[in-house]
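Coordinates in review
Spelled out from the first residue to the last, the chains are:
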Amino acid sequence: MKRWWLIVFMLFLSACGERETTTLYGNAKLIKGQLWLDCSNQIVRPSGPQEDIGYTCGVHVTEHTDIRTRDGERLEVSDLAVTSNVIVLIEPTVLRPDDKGRELNAKEVVVER
C-alpha cells in the first residue's frame with residue numbers, strides 16, 4: 001500500500017514539473033499585424049531522443065498591448081519594422097510540440113533598437 005502512494009506522489013511531482021513560458025525574445029517577423037518568433041527553446045519536449053525541429057509562435061498584438069523601446073518610448077504597431085528584435089511578455093503558458101498554431105497574446109512588446 002505504501003508503494004502505491006509513493007508512485008502517485010511521484011506522478012504528481014512529475015506533472016508539476018512543466019515550465020511555463022512568460023517571455024519570448026528574438027528576431028520577430030511582422031506579418032499582417034502579427035509577430036512571428038522562433039519559440040523552439042521554450043517548447044516542453046518529452047524525454048528521450050530529441051528531433052531538431054524549429055517551432056514558431058504567432059503573437060497577436062492588440063490595442064491593449066503596450067509597445068515600447070527599451071528607453072520607454074511608446075510605439076504603435078505601425079512603428080514596428082518588418083523584422084524587429086523584440087522581447088514579448090505573454091501570459092504564463094506551457095508550449096508543447098503538438099500544440100497546433102501556438103497562437104499567443106502579447107501583454108507587452110519591447111523593441112530593441
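Coordinates for the structure precede this section.
Okay, so let's go over this structure.

In this section: the overall build of the protein. Along its length, the protein carries one helix and six strands. Seen in sequence order, the protein has helices and strands lined up from the N terminus as α-β-β-β-β-β-β. Relative to its full complement of 113 residues, the protein shows a buried share of 31%. For the protein, long-range pairs separated by at least 24 residues make up 64% of all intrachain contacts whose partners lie at least 6 apart in sequence. Of the roughly 8,000 Å² of accessible surface on the protein, 55% is carried by carbon and sulfur atoms.

Turning next to the nonpolar core. One finds Leu24, Leu35, Leu37, Val88 and Val109 to be the most contacted residues of the largest nonpolar core, which totals 22 residues. Of all the secondary structure elements, the ones that give two or more residues to this core are strand E1 (21–31), strand E2 (34–38), strand E3 (56–60), strand E5 (83–93) and strand E6 (103–112). It is E6 that contributes the most residues to this core, four residues altogether. Non-local contacts of Val109, meaning those with residues more than four positions away in its chain, are made with Leu35, Thr65, Asp66, Ile67, Arg68, Val86, Ile87 and Val88.

Mapped onto the secondary structure, Gln34 falls in strand E2. Overall, the relative accessible area of 13% leaves Gln34 in the buried class. Setting aside anything within four residues of it in sequence, one finds Gln34 in contact with Lys29, Gly58, Val59, His60 and Glu103.

You can see Thr21 is positioned in strand E1. Look past the residues within four positions of Thr21 in its chain and what remains in contact with it is Gln42, Ile90, Glu91, Pro92, Thr93 and Leu95.

Moving on: the pairing of E2. Sheet analysis places E1 next to E2, joined by three bridges and oriented antiparallel. Bridging from a neighbouring strand, Leu30 pairs with Leu35 of E2. Taking the residues that link successive antiparallel strands as the turn, the E1-E2 hairpin has two residues, and the phi of Lys32 there is positive, at about 50°. Here E2 pairs with E3 via five bridges, running antiparallel.

To continue, consider the state of the cysteines. A full pass over the atoms with the stated rule returns one disulfide. Covalently, Cys39 is tied to Cys57 through a disulfide, its sulfur atoms 2.1 Å apart. Torsion about the S-S bond of the Cys39 and Cys57 cystine: about 80°, corresponding to right-handed handedness. In this pair, Cys39 is assigned in the loop between E2 and E3 and Cys57 in strand E3, connecting sequence segments 18 residues apart. Using a relative accessible area of 0% as the deciding quantity, one classes Cys39 as buried.

Here Glu112 shows up in strand E6. With residues near it in sequence (within four places) discarded, Glu112 still touches Arg70, Asn85 and Ile87. Among the polar contacts made by the side chain of Glu112, one reaches the side chain of Arg70 at a distance of 2.7 Å.

The rules we used
Residues numbered from 1 in each chain as written. Predicted model: local features only at pLDDT ≥ 70, side-chain atom pairs only at ≥ 80, totals over all residues. Heavy atoms only, no water. Helix = DSSP H or I, 4+ residues; strand = E, 2+ residues; numbered from the N terminus. Buried < 20%, exposed > 50% of the residue type's maximum accessible area, 1.4 Å probe, protein only. Contact = heavy atoms within 4.5 Å. Areas by Shrake-Rupley, 256 points an atom, 1.4 Å probe, with all protein chains shown as cover. Core = buried A, V, L, I, M, F, W, Y, C linked by side-chain atoms within 4.5 Å. Pairing = 2+ DSSP bridges. Disulfide = S-S within 2.5 Å. Polar contact = N/O pair within 3.5 Å; in protein donor to acceptor, adjacent residues only side chain to side chain.

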